[in-house]
Amino acid sequence: MKYLGIVISILFSVSSYAIDLGKPIEDASAAYLKDGVDAFIPALMKGSPLEGEKSLITQSNNIRQIEAYYGKFLGIEPMREEKLSERVRLVYYVMNYENSPVFGYALLYKKSSGEIVTNFSFNTELWQVAPNEVIFN
């Protein structure tokens, strides 16, 4: 019976650390899986002040280059979440490809209509995206 209590407490402690990617990131991942690379950035930036910004096309081109080396996109996993204020949080994530991961972050802002992404970045090098505190904590 003692072991059952330990297992239950471990399960509850693990579930309390679950990271919420946020609807914009989840929707962008689903769009990428369904419709390809050109659907990812528009879905990620939906509702954002940068939605439809032409300069974001270069980000799609970067992803296309990553695919050429890393293979097919498989999905996104959360890595870490930092709550910066009541309305702002920073989510670090891993974009899984067939041959290698790509690391990213998104700054999410909570509006009355839901969260939007106001800034994001991704890179094949973990050190370019995440500070040491995220990697080693």
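Residues numbered from 1 in each chain as written. Predicted model: local features only at pLDDT ≥ 70, side-chain atom pairs only at ≥ 80, totals over all residues. Heavy atoms only, no water.

Below, the discussion takes up the packing of helix H2 (residues 23–35) against helix H3 (residues 37–44). In the contact formed by H2 and H3, the axes pass within 7 Å of each other and the chain directions differ by 160 degrees. Taken as axis vectors, H2 and H3 run roughly antiparallel relative to one another. Handedness of the crossing formed by H2 with H3: right-handed. Between H2, through Pro-24, Ile-25, Asp-27, Ala-28, Ser-29, Ala-31, Tyr-32 and Asp-35, and H3, the contact on the second element is made entirely by Val-37, Ala-39, Phe-40, Ala-43 and Leu-44. Per-class residue counts for the contact of H2 with H3 are 10 nonpolar, 1 polar and 2 charged. (Axes fitted to C-alpha atoms, helices over the stretch in contact; angles between N-to-C directions. Helix = DSSP H or I, 4+ residues; strand = E, 2+ residues; numbered from the N terminus. Parallel < 35°, antiparallel > 145°, perpendicular 65-115°, else oblique. Left-handed = near helix turned anticlockwise from the far one by under 90°. Contact = heavy atoms within 4.5 Å. Nonpolar A, V, L, I, M, F, W, Y, C, P; charged D, E, K, R; others polar.)

Attention now moves to H3. Taking burial as the measure, the 8 residues of H3 include 6 buried ones, the bulk of the element. If you check which residues of H3 are buried, you get Val-37, Ala-39, Phe-40, Ile-41, Ala-43 and Leu-44. For H3, the elements touching its buried residues are H2, helix H4 (57–70), strand S1 (73–83), strand S2 (88–97) and strand S4 (114–123). (Buried < 20%, exposed > 50% of the residue type's maximum accessible area, 1.4 Å probe, protein only.)

Turning our eyes to something else, we now look at the packing of aromatic side chains. Each aromatic ring pair is specified by the distance between its two centres and by the angle formed by the two planes. On inspection of all chains with the given rule, the structure shows 6 aromatic pairs. Taking 3.9 Å as the distance between ring centres and 5 degrees as the angle between the ring planes, the aromatic pair formed by Tyr-32 and Phe-73 counts as stacked. Of this pair, Tyr-32 sits in helix H2 while Phe-73 sits in strand S1, placing them 41 residues apart in sequence. Residue Tyr-32 is classed as buried on the basis of its relative accessible area, which comes to 3%. (Phe/Tyr/Trp six-rings, centres within 6.5 Å; stacked < 30°, edge-to-face > 60°.)

Let us look at the nonpolar core. Among the nonpolar cores identified, the biggest contains 28 residues, and Ile-25, Phe-40, Met-95, Tyr-97 and Phe-120 are the most heavily contacted of them. Ranked by the residues each element gives to this core, the list is headed by H3, at 6 residues. In contact with Ile-25, not counting residues within four places along its chain, are Leu-44, Ile-76, Val-91, Tyr-93, Ala-106 and Leu-108. Core analysis: the second largest hydrophobic core is formed by 8 residues, Leu-90, Val-94, Leu-126 and Ala-130 among them. (Core = buried A, V, L, I, M, F, W, Y, C linked by side-chain atoms within 4.5 Å.)

Let us look at the pairing of S1. For a regular strand, the rule is simple: side chains alternate between the two faces of the sheet. In terms of strand pairing, S1 meets S2 through 9 bridges, oriented antiparallel. Paired with Lys-83 across the bridge in S2 is Arg-89. Turn length for the S1-S2 hairpin, with the two strands adjacent in sequence and antiparallel, is 4 residues. (Pairing = 2+ DSSP bridges.)

Our next topic: the pattern of salt bridges. Any two side chains of opposite charge can pair, given that their charged atoms come close. As enumerated under the stated definition, the model contains 7 salt bridges in all. With its nearest N and O atoms 2.8 Å apart, the salt bridge here joins Asp-27 to Lys-23. Taken together, the positions of Asp-27 and Lys-23, both in helix H2 and 4 residues apart, correspond to about one turn of that helix. The partly exposed category is assigned to Asp-27, whose relative accessible area is 34%. In this structure, Arg-64 engages Asp-38 in a salt bridge whose closest nitrogen and oxygen atoms are separated by 2.2 Å. (Salt bridge = Lys/Arg side-chain N within 4 Å of Asp/Glu carboxyl O.)

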